[in-house]
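Below, each chain spelled out in residue letters.
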Amino acid sequence: RMPMLEALVTGLIRFARDSETGEGARGLAPATADYLLQLARIFGITDQRFVQLLAAEGVTRGETLRATDAFAILGVAPGAPEQVVKQAYRTLLQDN
């Protein structure tokens, strides 16, 4: 069930991105990103996974991807030890 809901949210992310900013643009209005995040939560998608879905589509919240978003994508806390960050990165690569 979850892959279908993630696919639905991913489609909505793409639609919102292309509708707001034009094909190939990266930004997503903060209000739209917040709305999609709330929808993802209703579907049982974690905040971390939502940020990963955004990143997979090359979408940023607002104009720039903040450093804290990179940690969220990896699923580690900001300031985590370098070895933990590297392991999370490798795991994410293997999973995708």
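Conventions adopted
- Residues numbered from 1 in each chain as written.
- Predicted model: local features only at pLDDT ≥ 70, side-chain atom pairs only at ≥ 80, totals over all residues.
- Heavy atoms only, no water.
- Core = buried A, V, L, I, M, F, W, Y, C linked by side-chain atoms within 4.5 Å.
- Buried < 20%, exposed > 50% of the residue type's maximum accessible area, 1.4 Å probe, protein only.
- Helix = DSSP H or I, 4+ residues; strand = E, 2+ residues; numbered from the N terminus.
- Contact = heavy atoms within 4.5 Å.
- Salt bridge = Lys/Arg side-chain N within 4 Å of Asp/Glu carboxyl O.
- Polar contact = N/O pair within 3.5 Å; in protein donor to acceptor, adjacent residues only side chain to side chain.

Visitor: Can you tell me about the nonpolar core, naming the residues and giving the values?
Guide: Grouped together as the largest cluster of nonpolar side chains are 13 residues, with contacts concentrated most on Val-9, Ile-13, Leu-28, Leu-36, Ile-45, Phe-50 and Leu-54. Elements that contribute at least two residues to this core include exactly helix H1 (2-21), helix H2 (30-42) and helix H3 (47-56). Residues contacting Val-9, with those up to four places away along its chain left out, are Ala-40, Phe-43, Ile-45, Phe-50 and Leu-53.

Visitor: Please set out the pattern of salt bridges residue by residue, giving values where relevant.
Guide: Per the stated rule, a full pass over the model turns up 4 salt bridges. A salt bridge links Glu-6 to Arg-49; its shortest N-O distance comes to 3.1 Å. Taken as a pair, Glu-6 in helix H1 and Arg-49 in helix H3 lie far apart in primary sequence, 43 residues in all. Arg-49 sits in the partly exposed class, given a relative accessible area of 25%. The closest approach of N and O atoms between Glu-82 and Lys-86, which form a salt bridge, is 3.0 Å. With Glu-82 and Lys-86 both in helix H5 (residues 82-95), this residue pair falls 4 residues apart, about one helical turn.

Visitor: So, the side chain of Arg-17: which residues are in play, and what are the values?
Guide: Looking at where Arg-17 falls in the secondary structure, it is placed in helix H1. Within polar-contact distance, the side chain of Arg-17 engages the backbone oxygen of Glu-57 at 3.0 Å.

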